[in-house]
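Structural characterization, general
Listed below are the residues making up each chain.
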2 protein chains.
Amino acid sequence: MTNKSIKIFAPATVANVACGFDIFGFALDNPGDELSVTLNNSSNVKITKISGDSGRLPLDPQKNTAGVSVLKFLEHLKSKQGLDIELHKKMPLGSGLGSSAASSVGSLFAVNALLGHPLSPLELLPFAMEGERVACGTAHADNVAPGLLGGFVLIRSYSPLDVIQVPCALNLYCTILHPDIEIRTETARKILKPNITMQQHVVQTGNATGLILGLTQGDADLIHKCLQDVIAEPIRSTLIPGFQGIKEAALHAGALGCSISGSGPSLFALSLTNTDAEKIGEAMSRTCQENNLNSHLYISKMNFEGPRVLS
Amino acid sequence: MTNKSIKIFAPATVANVACGFDIFGFALDNPGDELSVTLNNSSNVKITKISGDSGRLPLDPQKNTAGVSVLKFLEHLKSKQGLDIELHKKMPLGSGLGSSAASSVGSLFAVNALLGHPLSPLELLPFAMEGERVACGTAHADNVAPGLLGGFVLIRSYSPLDVIQVPCALNLYCTILHPDIEIRTETARKILKPNITMQQHVVQTGNATGLILGLTQGDADLIHKCLQDVIAEPIRSTLIPGFQGIKEAALHAGALGCSISGSGPSLFALSLTNTDAEKIGEAMSRTCQENNLNSHLYISKMNFEGPRVLS
């Protein structure tokens, strides 16, 4: 038992999805983190190795999201089981792709599997949210929920927590462009205004409800019309040099929609085929380069399974 | 041709539906208006008779919603056809049940039928909205759209106008309690605040998107959880004496949800059977009476056809 070990993949996630501020998110197949977790003979949770973070993440499990989530989980189980966690960051930090969420989700998924699945993915959610609280100051669920459950997720309510996987009638592909700048989630939250107009609310809710209808009914035209954000994007896009041009390039290349992934700086664009996703990616990259900004591109279908066991 | 005549029923409608301010509405089978329209030999649109309004509605077609909508429609068609309209109000005015909308919708539906259906119900919508502009100062669509199309309707966007009938996987029944007071739509709009908090927006959008999911997936429990309004109801309910008690009585009697119909003063409650709808109605009536307020009750299933020809 003591040397029992597991290696898993935990997906990057796109939160907000244009019209669903704090309530929508979906999971990707690429990029994502890899984590190896091994049960040890002590009662200590240790982060033994972190790669891919340029030395920026803390090894102290009380300060690392992967550690915090697992400590809360073990506390809930009243378990004294010790573990060694190896965290291989395979996505950029502070990119708007749910990097901290992937680490929380991955460690919880791995430990839950090693302990014989005492909890369901949904039941792991509150512990993953505690990781988010450490990472960015608020226990938001729009990265960790799709990360754990896979697919397109609606966080219907935070109090009480109510999370629903939205049945999607289409296979959607996602292009992610990560411009070579960093935006802290905290900063991106602070620049938003505490109030919005009723008019903004009506427009945004029309699109959010329309997007759910488009996804469940498999209506690509409706999805296209609804992928608009009149609340966060107009403010946050000012933090991303050349945003409008990159977005327009994506739409011109056939994207169903394009907006900021989470709090940015990454942009996501949705499309119906892998070929479209690649074509859109080329157009976005080129435009970004024209703004003298380097970027990294990821192409992925929507991930409907959540984390998965690698070995 | 000249004596060609039609008699039709036009449904009352419930707008907002708790979490969908300005974007949700559904049609009822009861109550509703009856209209008789006859082609005449002149080029004049005349309102020849109005009953059930206690003499309050104008006979001048330029000032009556039924007249305004039809005049706009005929102008669009470049038609000089004259008509006589008889309007039989079979629902209370200023009740929050879309009384003005029913008159607009009914007259348009009748004239369109008499002229051989030059336009589809959806194409009639802009003319019905002009009627709403005359009746309450804003060309809102959340009564006229479900009135014309039937069923549960999402007004995804006002600019450009985009209206979608939401496919409902459940037969829903509606209890309407109309307390014996009157609230003008204009007044009920004015007391709303022009701004809301981001927190209100997130909660309301979670419920609005959840309601769409509940309706399309036939998930009564989800519908129940989503029928909440944190924006308009807390303010508008202050205009309705005993509102909280009546709402609680409806929920206690098994309603999926209960809120203000449109801008009030009517309350609607949704349920899964006619028996439940009646039981809920009794509980609401009784509570209203305990507040020394008379009320009128309507029980109806959701109307999925819109207006219908009576003879």
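Placed above this text is the structure.
Residues numbered from 1 in each chain as written. Chains lettered and ligands numbered in written order. Predicted model: local features only at pLDDT ≥ 70, side-chain atom pairs only at ≥ 80, totals over all residues. Heavy atoms only, no water.

**Considering the overall build of chain A**
Along its length, chain A carries ten helices and twelve strands. Based on the C-alpha atoms only, the size of chain A along its principal axes is roughly 55 × 40 × 35 Å. Relative to its 311 residues, chain A shows a buried fraction of 59%. Sequence separation of at least 24 residues holds for 73% of the intrachain contacts in chain A that already meet a minimum separation of 6. Accessible surface, chain A: about 11,700 Å² in total, of which carbon and sulfur atoms supply 49%. Averaging the coordinates of the 24 positive side-chain charges in chain A and doing the same for the 27 negative ones gives two points 6 Å apart. (Helix = DSSP H or I, 4+ residues; strand = E, 2+ residues; numbered from the N terminus. Buried < 20%, exposed > 50% of the residue type's maximum accessible area, 1.4 Å probe, protein only. Contact = heavy atoms within 4.5 Å. Areas by Shrake-Rupley, 256 points an atom, 1.4 Å probe, with all protein chains shown as cover. Lys, Arg positive; Asp, Glu negative; His and termini not counted. Charge placed at Lys NZ, Arg CZ, Asp CG, Glu CD.)

**Description of the sheet that holds strand β9 (residues 257-260) of chain B**
Residues and elements named next belong to chain B. With antiparallel pairing, four strands are arranged side by side in an open sheet as β9-β10-β7-β11. Sheet topology places β9 and β11 (295-301) at the edges, where each strand pairs with a single neighbour. Between one strand axis and the next, the sheet turns through 20° on average, direction left out of account. Bridge analysis of strand β7 (residues 173-179) against β11 gives seven bridges, and the strand direction is antiparallel. Counted as the bridge partner of L177 is L297 from β11. Against the sheet, helix α9 (residues 243-252) makes contact with β7, β9 and β10 (267-271), and its axis sits at roughly 155° relative to β9, the strand it touches most. Packing of helix α10 (residues 274-290) onto the sheet brings it into contact with β7, β9, β10 and β11, and relative to β7 it is tilted by some 15°. (Pairing = 2+ DSSP bridges. Axes fitted to C-alpha atoms, helices over the stretch in contact; angles between N-to-C directions.)

**Let's talk about the side chain of D229 of chain A**
Residue and element names in this part refer to chain A. Mapped onto the elements of the fold, D229 is located in the loop between α7 (220-226) and α8 (233-236). Here D229 is buried and forms no salt bridge, its nearest opposite-charge partner R236 lying at an N-O distance of 6.8 Å. In terms of polar contacts, D229 uses its side chain to reach the backbone amide nitrogen of E233, at 2.8 Å. Those residues in contact with D229 that sit more than four places away from it in its chain are A18, Q204, P234 and S259. (Salt bridge = Lys/Arg side-chain N within 4 Å of Asp/Glu carboxyl O. Polar contact = N/O pair within 3.5 Å; in protein donor to acceptor, adjacent residues only side chain to side chain.)

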